[in-house]
Amino acid sequence: MFVEPFSCVGSARNELIVAIFQKTGAFLSIVGSSLIVSDVAKKVRNGKETDPYQRIMVGLSTLDVLVSFFVLFLGTWMVPKETEWLWAAGNTSTCSAQGFFGVLGFYGELVS
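Reading the values: rules and limits
The numbers attached to residues start from 1 for each chain and follow its sequence in the written order. With the structure being a predicted model, the display of local features is reserved for residues of pLDDT at least 70 and the display and counting of side-chain atom pairs for 80 or more, all residues being used for whole-chain, interface and lining totals. Side-chain figures throughout are based on the complete set of non-hydrogen atoms in the structure, without hydrogens or water. Per the convention used, a helix needs a DSSP run of H or I reaching at least four residues, while a strand needs a run of E reaching at least two, with both numbered from the N terminus. Multiplying 1.5 Å by the helix residue count minus one yields the expected span of that helix. Here's how the labels work: a residue is buried when its accessible area is under 20% of the maximum for its type, exposed when over 50%, partly exposed in between, all with a 1.4 Å probe on protein chains only. Think of the arc as the fan of directions from the helix axis to the C-beta atoms. Here, two residues are considered to be in contact whenever any of their heavy atoms come within 4.5 Å of each other. Here, axes are lines fitted to C-alpha atoms. For helices the fit covers the stretch in contact, and angles between N-to-C directions go from 0 to 180 degrees. Any angle that falls under 35 degrees is termed roughly parallel, while one over 145 is termed roughly antiparallel, one within 65 to 115 roughly perpendicular, and all others oblique. Crossing handedness is defined as follows: a turn of the near helix away from the far one that is anticlockwise and smaller than a right angle gives a left-handed crossing, while the clockwise case is right-handed. Each residue receives one of three labels: charged for Asp, Glu, Lys and Arg, nonpolar for Ala, Val, Leu, Ile, Met, Phe, Trp, Tyr, Cys and Pro, and polar for the others, Gly being one of them.

S.K.: Can you help me understand helix 3 (residues 92-111) in this one?
M.R.: Because each turn of an α-helix spans 3.6 residues, side chains separated by three or four positions in sequence point in the same direction. In this model helix 3 runs 28 Å from its N-terminal to its C-terminal C-alpha over 20 residues, within 8% of the 28 Å that 1.5 Å per residue would give. Along helix 3, the residues classified as buried are Gln98, Gly102, Gly105 and Gly108. The buried residues of helix 3 occupy an angular sector of 140° when projected down its axis, which confines them to one face. Among the exposed residues of helix 3, those pointing more than 90 degrees away from its buried face are Thr92, Ser93, Ser96, Phe100, Val103, Tyr107, Leu110 and Val111. Close packing links the buried residues of helix 3 with helix 2 (52-73).

S.K.: Would you explain the packing of helix 2 against helix 3 in this entry?
M.R.: To characterise two packed helices, one gives the angle between the axes of the helices and the distance between these axes. Contact pair helix 2 / helix 3: the axes reach a minimum separation of 9 Å and the direction vectors enclose 150°. Comparing their axes, helix 3 and helix 2 come out roughly antiparallel. Where helix 2 crosses over helix 3, the two elements pack in a sense that is left-handed. Along the contact surface, helix 2 presents Leu60, Leu63, Asp64, Leu66, Val67, Phe70 and Val71, while helix 3 presents Gln98, Phe101, Gly102, Leu104, Gly105, Phe106, Gly108 and Glu109. Across the contact of helix 2 with helix 3, the residue classes tally to nine nonpolar, four polar and two charged.

S.K.: I'm lost on the environment of Phe21 in this one. Help?
M.R.: Structurally, Phe21 is set in helix 1 (residues 12-45). With relative accessibility at 63%, the residue Phe21 sits in the exposed group. For the pair formed by Phe21 and Leu72, sequence separation is 51 residues and the distance between their alpha carbons is 9.9 Å.

S.K.: Would you explain helix 1 in this entry?
M.R.: With 34 residues, helix 1 extends 49 Å between its outermost C-alpha atoms, agreeing within 8% with the 50 Å of an ideal straight helix rising 1.5 Å per residue. Within helix 1, burial applies to Glu15, Ala19, Lys23, Ala26, Ile30, Ser33 and Val40. Looking one or two places after helix 1, you find Gly47, whose phi comes out positive at around 85°.

S.K.: Help me understand the side chain of Thr50 in this model?
M.R.: Here Thr50 lies in the loop between helix 1 and helix 2. Among all residues touching Thr50, those that are not within four sequence positions of it are Val40, Lys43, Val44 and Arg55.

S.K.: Would you explain the packing of helix 1 against helix 2 in this entry?
M.R.: Running from amino to carboxyl end, helix 1 crosses helix 2 at an angle of 150°, the nearest separation of the two axes being 8 Å. Taken together, the axes of helix 1 and helix 2 lie roughly antiparallel to each other. Our pair here, helix 1 against helix 2, has a crossing hand that is left-handed. Where helix 1 approaches helix 2, its residues Gln22, Lys23, Ala26, Ser29, Ile30, Ser33, Ser34, Ile36, Val37, Val40 and Lys43 are matched on the opposing element by Gln54, Met57, Val58, Ser61, Thr62, Asp64, Val65, Ser68, Phe69, Val71, Leu72 and Phe73. Among the residues making up the contact of helix 1 with helix 2, the classes are represented as twelve nonpolar, eight polar and three charged.

Below is the structure:
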């Protein structure tokens, strides 16, 4: 008996579209957050004082890079290949690592 793999988006075409948009959005988020961190780091290197707002933004941006990279960008690649999801190439260890960084980042963003 053949069991069809679970897909929350309906069809393989829709799953592909969601995955591409997810990875594109994650890449743009990583670039934007990295620019914020580098801008504040440049001020610190030049001996300029940073205000609390800038330090908070560095913390949030660092957590955003973690979440965007491990959860959104690597998303389906870290899922165990036995699930037969689109582009699934991981194992249970990679899935657990992805879950750890996802929870760490989301919890850190909530606390900040």
